[in-house]
Amino acid sequence: YYQEAGRAGRDGEPSKCLFLYTASDRFIQEYFIESAYPSEENVAKVYDYLRSLDDDPIELTQQQIKDSLGLSIGADGVGTCEQLLEGAGVLERLVSSNNRASVRLDSDLPTLVDLLPKQAKTQRRVLQAIEAIVGARRDELVSFSPRDLEMTTGLPHGTVAAALRNLCDLEAFTYVPPFRGRAIRMISRDQSSRQVGIDFKTLEKRKQNEYAKLNKVISFALGPNCRQQAILRYFGEKNTQPCGHCDNCCKGAVKKGDIPLDDPDGKMLKTVRMALSGVARIKKEMSFGCGKTLIAQMLCGSGSARMEELKLNKLSTFGLLQHLRQTEVTAIIEGLIAMNLLRQESLEPGRPVVQLTDAGNEVMRGKASLEYELPIPGEVSRKIIGDSRSQSGSTDSFAIGVPQAEEASQPPVDEDLLSRLKNWRKHRAGEANVPAYFILHNSMIEEIARYRPATIHELMNLNGMGPKRVEQYGEELLAVVAGKPDSYETQSLDAAASTESTQSSEKSPFPVPQTERPLPDQPSYYWTWRMLMAGFKSTECAAARSLSLDVIVDHALQAIENGHAVNAQWFFSEEQLSRFQEIVGQRKDTGLSELPRLLPLLPEGTRLEDLLLFLKCGR
């Protein structure tokens, strides 16, 4: 990156340098690192597998070995294992050009050449050479060196290969091409994997060095600091000023003399320790981790049904960072992952969970501090520290970034406005057939009733009011705050009347009697349950209601909690149910913490939510 940026600026003309980064980039690089430095366990598995085979040489591709052993590393990682074992002197990787082909002649004729037309001169020449190699060994595979065949016939490789393929048209001629990979010849099969002299301690140090470099690059990508300053400091220049040209400088994240931010009260470190404590608490209570989204929701004090279902709202760390938005807490978690204070592990493919690292544990317990600045957006840093610049230059007392130290400093909640907001929320939830908290949580409504925002900008500054919510409900909320007539009620009634008129002339796709129309106060899960009861498949429910299958499963769990009967056959095949019954049965003592240990025993693709639904249906 430094070389490219420097090369672009050599002519003194303005230039652009594009830096592309996404969170999934880390997994790709970790894959490469793990493949380049396989663990002692994986090397031992490869060695024990190869020495158990009687073939000499062993003609298996790296992918075939990986698949046979079910290794988590890629085929390249298997290749590295082979290199390490070759360096230890227990095997030899043969050059692919030396691999041998095989041929079989299933005929008692003195020669097969007479079966070929006379104009097929190349094929006749190659077949004569093959018959000389086979000799009297008819009706069996005879190996030969393709290179020797080329020298004998005086023909190039491509011509010989084409002739051999064409000769397969003869019923009595069978040709097996040479192995395309690097065959392996075992030198020693007697040593155990522990006796093989490989220096895994040095390999581990190199791997950690690669991870350290990866963390630095990710910190550079996520960091709020001037890009040029970061590069210059990396090469030893200390007394530098922001460049004023990079993306961080241009978007106002960096100002002259603004780095590092003054944090005399240690608010950033306290915030980091709260986030780390949240991850540790989830691990302790549930024995398995959660994804960063659920962790962020828990730390923000989310009122979602998922929090209650997983009992995350009962944790002591619930709501510790409620003064921050969920996206901001997610950015903190990503920054901690970049600093290697947290790590992501995939218990299921594509579903990584966040875990505390040893370094993160030290920081959480106060035995260590942050080695360098947390790589998060500058606005988030200033909001945490309480710097006045976090409000984009605004000095309006309305901006509330960090909660006030004393409750008395907050304006009181306008009870009349609070009532109007709840009435508005009820209408919107009814139209969408979702619980009221799906529209706005109580804490958000109270925040609006407390600060009475008058503009979209002020509304955006409130906790939990992200761009999507503001775009969807912003104008209506400002109208409610301003005390304008409840136009949404009229719109809602008009829309309902229009829908009723349309449906009266069309047969409803749902088996709901006309006398039992969906009422606004019925929760969303109820209508999912009604469709399932009527015989719709879970996939059909998801398509009809424009919901994901995860939400359909969540609705089924809510229905059970509220006393409605749910049949496991609505979600699982007979084969799945049979396997569930065999492994889990009707065990009533199966706790949430035990479920992950059962997953490897169940059909591939089974998730924790599926197992939980099966147990609740059984109960």
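Only a predicted model underlies this, so the values are computations on that prediction, with no experimental measurement involved.

Calculation notes
Residues numbered from 1 in each chain as written. Predicted model: local features only at pLDDT ≥ 70, side-chain atom pairs only at ≥ 80, totals over all residues. Heavy atoms only, no water. Helix = DSSP H or I, 4+ residues; strand = E, 2+ residues; numbered from the N terminus. Buried < 20%, exposed > 50% of the residue type's maximum accessible area, 1.4 Å probe, protein only. Contact = heavy atoms within 4.5 Å. Areas by Shrake-Rupley, 256 points an atom, 1.4 Å probe, with all protein chains shown as cover. Pairing = 2+ DSSP bridges. Axes fitted to C-alpha atoms, helices over the stretch in contact; angles between N-to-C directions. Patch = residues over 30% accessible without salt bridge, like charges linked within 9 Å, V, L, I, M, F, W, Y side chains within 5 Å. Salt bridge = Lys/Arg side-chain N within 4 Å of Asp/Glu carboxyl O.

### A word on the overall build of the chain
Step number 1: Along its length, the chain carries 29 helices and 7 strands.
Step number 2: Expressed as a percentage of the 619 residues in the chain, the buried residues total 42%.
Step number 3: Taking contacts inside the chain between residues at least 6 apart in sequence as the whole, the part at least 24 apart equals 65%.
Step number 4: Approximately 34,700 Å² of the chain is accessible, and the part contributed by carbon and sulfur atoms is 49%.

### Re the sheet that holds strand β3 (residues 142-144)
Step number 1: Sheet architecture is open: 3 strands sit in the order β3-β2-β4, paired in antiparallel fashion. Of all the strands in the sheet, just β3 and β4 (173-176) have a single pairing partner and so form its edges. Within this sheet the neighbouring strands show an average axis-to-axis angle of 25°, counted without direction.
Step number 2: Bridge count for strand β2 (residues 101-105) against β3 is 3 bridges, and the pairing is antiparallel. What sits directly across from Val103, in β3, is Val142.

### Some words on a nonpolar patch on the surface
Step number 1: Taken together, Tyr2, Tyr234 and Phe235 make up a surface patch of nonpolar side chains, about 400 Å² in accessible area.
Step number 2: Structurally, Tyr234 is set in helix α10 (residues 227-234).

### Thoughts on the pattern of salt bridges
Step number 1: This structure, assessed with the given rule, holds 14 salt bridges.
Step number 2: With a closest N to O distance of 2.8 Å, Glu334 and Lys292 form a salt bridge. With a gap of 42 residues between them, Glu334 in helix α15 (residues 326-338) and Lys292 in helix α13 (residues 292-300) connect regions that are remote in the sequence.
Step number 3: Owing to a relative accessible area of 19%, Lys292 belongs among the buried residues under this scheme.
Step number 4: One salt bridge connects Lys383 with Glu328, and the closest N-O pair in it is separated by 3.1 Å. Of this pair, Lys383 sits in helix α17 (residues 378-385) while Glu328 sits in helix α15, and the two are 55 residues apart along the sequence.
Step number 5: According to the relative accessible area criterion, Lys383 is buried, its value standing at 9%.

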